[in-house]
Amino acid sequence: MAGADKKKLGALVVALVALLIAAGPSAGLPILSSGPSCTNFVGWAPLVNSLVCGFGGLFFTPPTPARRPPPPPPPPTATGSRQLSVGYYRNSNCSYDVEAAVRKAVEDAIKTQGRRIGASLIRLFFHDAFVRGCDASVLLNTTATGNSDTEMTGPPNANSLRGFEVIDAAKEATTAACGGRSDVVSCADILAFAARDASFFLSYGEINYTVPAGRFDGRESFAAETNQLPGPDSDLQELVEMFAAKELDVFDLVALSGAHGVGRVRCLFTNGNSAMDPTYANDLRTECSGNPDKLVNQTDRCPGGDPDMMDNQYFKNIAKFVLFKSDATLISNATTRKQVNDNAANPDKWYKDFEAAMVKMGNIGVMTSPVAGLAEIRDVCWRVNGIY
Ligand code: HEM
């Protein structure tokens, strides 16, 4: 083929690909990637769907199913006979306390990056726990299957999750603490420790609990499975169902939601709370100035609010100042409303409830023994062992 013809063909292919991406499934065209479908992310804004549906997804509002389809069956787990235990690494022959090594890595990150990184680490732990259990699958970009569409690329996570480098630094610190052995401390345990330590620093020591450990790391990770994460437009029933699927109850849901007292969110998620104070909603619109990716602080414009401090402010805000429908919906039911009010009135109660719920979340789907091809202690947190 002559050079000019080749160029024309190339231009034609590029134009066709662009057309397919732009039209997406809303035009009845097949999605180019074989990723998750547009419809199976409950509670996530259409813009998030655009990540998997091409730009056509911008105009695509997922239909609300009469009932949410049941979540996919859990992946096989290798729970073994051992349970998680507090002080698990005490007898691991490491010359330095590995939990202290993780805490130092978190503290260093907060010192160098600022306090928001603490919020991001807490969220990273939550997003790991809800997909395949606490197996550090959220950290993988190289898996046993060899797929590139891992959890971190799923709509709730892409351009959103942060803190991966802190976990990598913590892993290096634990490896050094264990005389260069990278097969001692799992990435899944590091995530659980780091979330606890971040809560400790952000709450100025009010949140401080022991973390049972002994998790093994998984070897698989798939973007499509991130549809098990609730979205900001979820209503109470959807939240309760999605938490129940992870053996967390409605009490845990309310307690854990208090983490939304810290951190930042993108403007694209802030239109869903119809009960928002009108002046506050206007200010928010002005601040966002039509930019969906702009970050706004959770809780800071309310009296006493500080997006860098973990306290019970979130619960005081719920009636008028929270950013998501999934937050506001926590007062739509008498039982959850009572718990919200109790937490608003009594910070110490919430600290204790949050600690207990974080420990409970840390039990989801854990694997507690090595199984060939399924559960291991990763040498490096972002890739499975033996695959380069
Ligand atoms: C109840 C259902 C939940 C929903 C629908 C939800 C949704 C979200 C969304 C949409 C964001 C903003 C993401 C972005 O802008 O890119 C966010 C941020 C955040 N979420 Fe949640 N979340 C939920 C529960 C939780 C739980 C259980 C935790 C932890 C225990 C948590 C901790 C956080 C934190 C700390 C941030 C701020 C992160 C940062 O600044 O980097 N969330 N959440």
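Residues numbered from 1 in each chain as written. Predicted model: local features only at pLDDT ≥ 70, side-chain atom pairs only at ≥ 80, totals over all residues. Heavy atoms only, no water.

**Quick notes on the pattern of salt bridges**
Then comes step 1: Applying the stated rule across the entire model yields 16 salt bridges.
Then comes step 2: Glu225 serves as the salt-bridge partner of Arg132, at 2.7 Å between the closest nitrogen and oxygen. Residue Arg132 is located in the loop between α4 (116-129) and α5 (164-177), and its partner Glu225 is located in the loop between β1 (217-218) and α7 (236-244); the two are separated by 93 residues in the primary sequence. Like Arg132, the residue Glu225 is buried in the burial classification.
Then comes step 3: The salt bridge partner of Asp293 is Arg266, with a shortest N-O separation of 3.9 Å. Of this pair, Asp293 sits in the loop between α9 (278-288) and β3 (295-297) while Arg266 sits in strand β2 (residues 264-266), and the two are 27 residues apart along the sequence. (Salt bridge = Lys/Arg side-chain N within 4 Å of Asp/Glu carboxyl O. Helix = DSSP H or I, 4+ residues; strand = E, 2+ residues; numbered from the N terminus. Buried < 20%, exposed > 50% of the residue type's maximum accessible area, 1.4 Å probe, protein only.)

**Topic: the environment of Val86**
Then comes step 1: Note on placement: Val86 falls in the loop between α2 (46-53) and α3 (98-113).
Then comes step 2: For the pair Val86 and Pro212, spaced 126 residues apart in sequence, the C-alpha to C-alpha distance is 4.1 Å.
Then comes step 3: Once you skip the residues sitting within four places of it in the chain, Val86 turns out to touch Thr210, Val211, Pro212 and Ala213. (Contact = heavy atoms within 4.5 Å.)

**A few points about empty space enclosed by the protein**
Then comes step 1: A full pass over the atoms with the stated rule returns two cavities of 30 Å³ or more.
Then comes step 2: By volume, the largest cavity is sized at about 40 Å³.
Then comes step 3: Looking at the largest cavity, the residues that line it are Phe125, Ala192, Tyr209, Val211, Pro212, Arg215, Met358, Val359 and Gly362.
Then comes step 4: Residue lining of the second largest cavity: His260, Gln298, Thr299, Tyr314, Phe321, Val322, Leu323 and Asp327, and that is the complete set.
Then comes step 5: Residue composition of the lining of the second largest cavity, by class: four nonpolar, three polar and one charged. (1 Å grid on protein atoms, 1.4 Å probe; cavity = no way out; pocket = protein on both sides within 12 Å on 5 of 7 lines; lining within 4 Å. Points joined across faces, edges and corners; volume = space filled by probe spheres on them. Nonpolar A, V, L, I, M, F, W, Y, C, P; charged D, E, K, R; others polar.)

**Considering the coordination of the iron atom of the ligand**
Then comes step 1: On the protein, His260 (NE2) is the one donor atom to the iron atom of the ligand, at 2.1 Å.
Then comes step 2: Within the element layout of this structure, His260 appears in the loop between α8 (250-257) and β2. (Donors = N, O, S within 2.8 Å, 3.2 Å for Na, K, Ca; no water.)

**Digging into the state of the cysteines**
Then comes step 1: Applying the stated criterion to the full structure yields three disulfides.
Then comes step 2: What pairs with Cys267 in a disulfide is Cys288, and their sulfur atoms sit 2.0 Å apart. Its S-S torsion of approximately -85° makes the covalent link between Cys267 and Cys288 left-handed. Here Cys267 is found in the loop between β2 and α9, whereas its partner Cys288 is found in helix α9, with 21 residues between them in sequence. In this pair, the class of Cys267 matches that of Cys288, namely buried. (Disulfide = S-S within 2.5 Å.)

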